[in-house]
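# Topology and contacts: notes
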Amino acid sequence: MASLREEIESRRTFAIISHPDAGKTTLTEKLLLYGGAIQTAGSVKGKQSAKHAVSDWMDIEKQRGISVTSSVLQFNYQGKCINILDTPGHQDFSEDTYRTLMAADSAVMVIDAAKGVEAQTIKLFKVCTLRHIPIFTFINKMDREARDPFELMENIEEILGIKTYPMNWPISCGKDFKGVYDRNAGRVLAFESDGRANGVKMVEEVEAELGDARLDDLIGAANHEKLAEDIELLDGAAEEFDLDKVLRGELSPVFFGSALTNFGVEPFLENFLEMTTSPTPRNSSAGIIDPFDPEFSAFVFKIQANMNKAHRDRITFLRICSGKFDKDMEVLHVQGNKKLRLSQPQQIMAQEREIIDEAYAGDIIGVFDPGIFAIGDTICSPKKKFEFESIPTFAPEHFMRVRQKDTLKRKQFVKGTTQIAQEGAIQIFHEPDSGMEEVIVGVVGVLQLEVFEYRMKNEYNVDLFKEGLPYSYIRWIDNKDIDPKTLKLSSDTKLVKDFRDNYLLLFTSEWNIRWALERNEGLELSEFNRGDLQ
């Protein structure tokens, strides 16, 4: 039996981030293929086949070929226990992604070789840098026409402001793609396509060293010559490799490959596991929490209702930060100040679940939630009592008034809107003197409104009347000693409450915000809620 320290040391927990369509879900699948967790990989776009990607589980994701929620996938590879957090690349779901990045110890950034760094990658990269987590780059789609690799390196350094160190170097691209040169081992891994677009099984790799006569036959004399020049240039001009800088998030090791054809995925995984560390310490109200502390602690970073059509349920995802979790142990839910046993602890591979008996720091587990947990809550051993740093709530930018079409479905309407809000996918508000007959829904991106409507109909059987609202800005009222109803406000500013009874103001423009602050002396408004709101 492995000791607590050995179990925790074997854990690697990382998130995969990218702009939509850079190949993030495909790379996730291929990592699972090498880890033996799945037998064949289902390329995301192959919608006519029944093989949807393993990590896309909600119907709407399978229809569109985009990841809408973050999935959690676990597998073992070469003695390491790997937890992958697959995040939605679609920009409207960035809030779910921000929260997921709070649960990761490092990030893998997938970049499309033809496009370089794109808008969504920049946003997500910024969240990673806030936490100074290591960032590894996988430049994907080398089997298609790609930009010059030197240009891609420059693109990452200029736009993201992080230094890069190519761990391998591509030999041509597109139809002429011949493989990569592994700089560390000083050898070429040759690429041989099996003629099919989607590499379903693992690839055989042929090895040869630079300057070896066999290389002319393998990659062609012109490619051999160009490679020798590129490597000489790299060795002279590129950054030195420095693992400390990598671990501080200041230097990103870069790998070239093609996830779709499986090329370069396994060397990437092996290098990645060598360079990353076991779970890292976390900040809390009681100071730094060491992952090797035997006392259990975790925080909630995601809540998902109805993951399984057969069971109308709600799963809360916990990132374990220290110690060991046992399925019968009693824990303290700090925010609710209640001792409880976490029921049906499970590890989840997208929709497939497996009830577990134990889990360790670094692991992600799902537990059944009777409706008591909120994003950012701390759960720990009853011997301890502290709170982990809260997860910020992002201000919504789109608002809509909604009510149920069928007045007899009020109960389902209330349940659906409340549950989806507790998951953090939407935020709900109401006018001060009204109940839940109609609510104002606020979201960070428009697609979240579509998903909300789709889920209300499919999961709660409620059709909605909806009315777009002109507001774009929201501010929480920080003053506790003001009666918000006496405030002087412009005619197009709206006073609302959230469901923890905090007062807020909705504005149509920044001008209105300034107007309200000038007319109401001492009024204090804040842009995001410091953890008080779902």
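Throughout what follows, the structure given in this document is the object of discussion. Quick caveat: nothing in here was measured; it's all calculated off a predicted structure.

### Thoughts on helix α12 (residues 446-460)
In this model α12 runs 21 Å from its N-terminal to its C-terminal C-alpha over 15 residues, within 8% of the 21 Å that 1.5 Å per residue would give. Residue Asn461 follows α12 closely and has a positive phi angle near 60 degrees.

### Digging into the packing of aromatic side chains
Considering all chains together, one arrives at 14 aromatic pairs under this definition. Geometrically, the ring pair formed by Phe255 and Phe268 is edge-to-face, given 5.0 Å between the ring centres and 80 degrees between the ring planes. Pair noted here: Phe255 is in strand β11 (residues 251-256) and Phe268 is in helix α10 (residues 265-275), with a separation of 13 residues, a long-range link. Comparing Phe255 with Phe268 shows no difference in burial state: the two are buried. Among the aromatic residues, those joined into a cluster by ring pairs are Phe14, Phe136, Phe138, Phe255, Phe268 and Phe272. One cation-aromatic arrangement involves Arg5 over Phe292; the distance from NZ or CZ to the ring centre is 4.0 Å. The positively charged end of Lys405 is found above the aromatic ring belonging to Phe465, 5.6 Å away from the centroid.

### Regarding empty space enclosed by the protein
Across all of its chains, the model carries six cavities of 30 Å³ or more by this definition. By volume, the second largest cavity amounts to about 70 Å³. Contributions of two or more residues to the lining of the second largest cavity are made by β8 (179-182) and α10. Broken down by element, the residue count for the lining of the second largest cavity peaks at three residues, all from α10. Residues that form the lining of the second largest cavity fall into these classes: six nonpolar, three polar and one charged.

### Comments concerning the pairing of strand β1 (residues 11-18)
Across the eight residues of β1, eight count as buried, placing the element largely inside the fold. The pairing of β1 with strand β3 (residues 80-86) spans six bridges and is classified as parallel. Residue Ala15 lies in a different strand from β3, and its bridge partner there is Leu85. As judged from the five bridges shared by β1 and strand β4 (residues 106-112), these two strands associate in the parallel manner. When the sheet's bridge partners are listed, Ile17 is paired in β4 with Met109.

### Points about the nonpolar core
Membership of the largest hydrophobic core comes to 75 residues, with the highest contact counts inside it found for Ile139, Phe256 and Leu342. Leave out the neighbours within four places in its chain, and Phe256 touches Ile139, Met142, Pro149, Leu152, Met153, Asn168, Trp169, Pro170 and Val180. Leu27, Val246, Val265 and Met275 belong to the second-largest nonpolar core, a separate cluster that totals 28 residues.

### Points about the pattern of salt bridges
According to the stated counting rule, one finds 26 salt bridges in the structure shown. Asp326 serves as the salt-bridge partner of Lys324, at 3.8 Å between the closest nitrogen and oxygen. Classification of Asp326 as partly exposed rests on a relative accessible area of 33%. Ionic pairing is found between Glu431 and Arg401, a salt bridge with its closest N-O pair at 3.0 Å. Here Arg401 lies in strand β24 (residues 398-404) and Glu431 lies in the loop between β25 (427-430) and β26 (439-443), a separation of 30 residues in the sequence. A residue is classified by how much of its surface remains accessible, and Glu431, at 28% relative accessible area, is partly exposed. Residues joined in a network through salt bridges with shared partners are Arg401, Arg403, Glu431, Glu438, Glu467 and Lys494.

### Structural notes on the environment of Thr121
Structurally, Thr121 is set in helix α5 (residues 119-130). Apart from the residues lying within four places of it in its own chain, the contact partners of Thr121 are Ser18, His19 and Met109.

Conventions adopted
- Residues numbered from 1 in each chain as written.
- Predicted model: local features only at pLDDT ≥ 70, side-chain atom pairs only at ≥ 80, totals over all residues.
- Heavy atoms only, no water.
- Helix = DSSP H or I, 4+ residues; strand = E, 2+ residues; numbered from the N terminus.
- Expected span 1.5 Å × (residues − 1).
- Phe/Tyr/Trp six-rings, centres within 6.5 Å; stacked < 30°, edge-to-face > 60°.
- Buried < 20%, exposed > 50% of the residue type's maximum accessible area, 1.4 Å probe, protein only.
- Lys NZ or Arg CZ within 6 Å of the ring centre and 35° of its normal.
- 1 Å grid on protein atoms, 1.4 Å probe; cavity = no way out; pocket = protein on both sides within 12 Å on 5 of 7 lines; lining within 4 Å.
- Points joined across faces, edges and corners; volume = space filled by probe spheres on them.
- Nonpolar A, V, L, I, M, F, W, Y, C, P; charged D, E, K, R; others polar.
- Pairing = 2+ DSSP bridges.
- Core = buried A, V, L, I, M, F, W, Y, C linked by side-chain atoms within 4.5 Å.
- Contact = heavy atoms within 4.5 Å.
- Salt bridge = Lys/Arg side-chain N within 4 Å of Asp/Glu carboxyl O.

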